[in-house]
Amino acid sequence: MATGKWIGGLLGFLQGGALGALAGFALGWLFDNEIDAVNEPYQNREHGQTQTHTNQRDSQWQRVQAERQRNSFLFSFLALASYIIRADGKVMHSEMELLRNFLRQNFGAIAVKQGEDIVLKLFEQQKQMGWQRFQSTIQQACLEIRSQMAYPERLQLLNFLAIMAQVDGHVVTEEINVLKEVAINLGLSATDVDSMLNLKDSSSSLEAAYRVLGVSPSASNEEVKNAYRQMALKHHPDKVSTLGDDVRKAAQKKFQEINNAKDKIYKARGL
C-alpha cells in the first residue's frame, strides 16, 4: 500500500485545528507524488471526466467519503496512541509491537512502517513541545475528533487505546488517568474506560464482569438487564461497519466480551 493510498484519504478532513497541525507535522514529510494520483480522480470528478452517469459519480463519492472517514479514524488513533504510549514516561517494545500489528491487520504491511514513522514523529513533537503543551494539543484534537466522528466510532477508538495501554500486562495509574482524560474530551466517560479495561477478564472474573456492564454487584436483576441492553445497543458492531471489515471484526470481539460479562453475571444470579 503506497503512502498516498491511505494518507491521501485524510485530505478534506484534517483542515486546520490541533489535529490538522499534528497531521501536518507528522504527515508532511511522507507526502509524495502518489498524493497527486490519489487526488486526481477527485479533481477530474469536478470537471465531469471521471464518471459518465450521476449515479456512478455519487457511488464514487460515497466510496471516497468512506475512505476518508476510515483513514481519519486511523490518524486519530495514531495521534492518541502516541499520547497513551508515553503517559508513563517510557515506550515499551510490547506497545510498539501492538501498534505494528494493528496497522498490519488494518492497512497492510507497508502501512506498518508508515504508521510507526508517524508515531515516532509525534514522539519527537512531544519532546519539542513539552508534555503540558502537547497535552493541551491532544485535548483540542479530541474535541475536534468529537465533532467529526460518530459516537460508536469514538467508543471503538477508545477500545483500541485501552488495548494499547494493557498490552504490557500492567496498566499504571498514569495510563488510566490519560485514558479517562481522553475519553471525557471525546465525549465519552470514565466509566467507559473502566468497562473496556475489564473486557478481557470478563469471562473469568465476576468483579470484572460487573465493571464491564458498569453496575454494582448489589444492583437488582432488572438494573443488570438494563445495563446490558444499553451496552449492547451502543457497542453493536454494525455501528462501525463504515470503517471497514477489520475494524468491525474488532468491534465484534468487544461485543462478544460484553456478552461474556453478561453471561458471567447471569449465571452467578441464576438468570
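Everything discussed here concerns the structure shown above.
So, a few notes on the structure that sits alongside this text. (Residues numbered from 1 in each chain as written. Predicted model: local features only at pLDDT ≥ 70, side-chain atom pairs only at ≥ 80, totals over all residues. Heavy atoms only, no water.)

## Points about the environment of Ser-82
Going by this rule: Here a helix means four or more residues in a row that DSSP labels H or I, a strand means two or more in a row labelled E, and each is numbered from the N terminus. Whether two residues are in contact is decided by their heavy atoms, any of which lying within 4.5 Å being enough. Pairing of N or O atoms within 3.5 Å defines a polar contact, subject to two protein rules: one partner must be a possible hydrogen donor and the other a possible acceptor, and residues neighboring in sequence count only if both atoms are side-chain atoms.
Structurally, Ser-82 can be placed in helix H4 (residues 54–85). Counting along the chain gives 14 residues from Ser-82 to Met-96, while the straight-line C-alpha distance between them is 9.8 Å. Among residues more than four places away in sequence, those in contact with Ser-82 are Val-119, Leu-122, Phe-123, Gln-126 and Phe-134. At 2.6 Å, the side chain of Ser-82 and the backbone oxygen of Ala-79 are in polar contact.

## Re the environment of Arg-229
Going by this rule: Remark: exposure states derive from per-residue accessible area (1.4 Å probe, protein chains only) relative to the maximum for the residue type, with buried under 20%, exposed over 50%, and partly exposed in between.
The topology assignment puts Arg-229 in helix H12 (residues 221–234). Residue classification places Arg-229 among the partly exposed residues on the basis of a relative accessible area of 45%. The spatial distance from the C-alpha of Arg-229 to the C-alpha of Leu-213 is 9.5 Å, given a sequence separation of 16 residues.

## Some remarks on helix H9 (residues 173–185)
Convention followed: To estimate the expected span of a helix, count its residues, drop one, and scale the result by 1.5 Å.
Taking 1.5 Å of rise per residue, 13 residues should cover 18 Å, and H9 covers 18 Å from first to last C-alpha, within 8% of that figure. Listing the buried residues of H9 in full gives Glu-175, Val-178, Leu-179, Glu-181, Val-182, Ala-183 and Asn-185. Gly-187 lies just past H9 and shows a positive phi near 85°.

## Looking at the pattern of salt bridges
As a reminder, the rule being used: Salt-bridge detection follows one rule: a side-chain nitrogen of Lys or Arg within 4 Å of a carboxyl oxygen of Asp or Glu.
Across all of its chains, the model carries eleven salt bridges by this definition. With a closest N to O distance of 2.8 Å, Lys-113 and Asp-117 form a salt bridge. Separated by four residues within a single helix, Lys-113 and Asp-117 lie in helix H6 (residues 109–129), roughly one turn from each other. When its relative accessible area of 49% is taken as the criterion, Lys-113 is described as partly exposed. For Asp-117, a relative accessible area of 15% gives the class buried. For the salt bridge of Asp-263 with Lys-262, the shortest nitrogen-to-oxygen distance reads 3.0 Å. In this structure Lys-262 comes out as buried when scored by relative accessible area, which is 17%. Counted as one network, the salt bridges with shared partners bring together Glu-97, Arg-100 and Glu-116.

## Description of the side chain of Glu-175
Considering the arrangement of structural elements, one finds Glu-175 in helix H9. At 3.0 Å, the side chain of Glu-175 and the backbone nitrogen of Val-172 are in polar contact. Other than its neighbours up to four places away in sequence, Glu-175 contacts Ile-84, Ala-87, Asp-88, Glu-95, Ala-165 and His-170.

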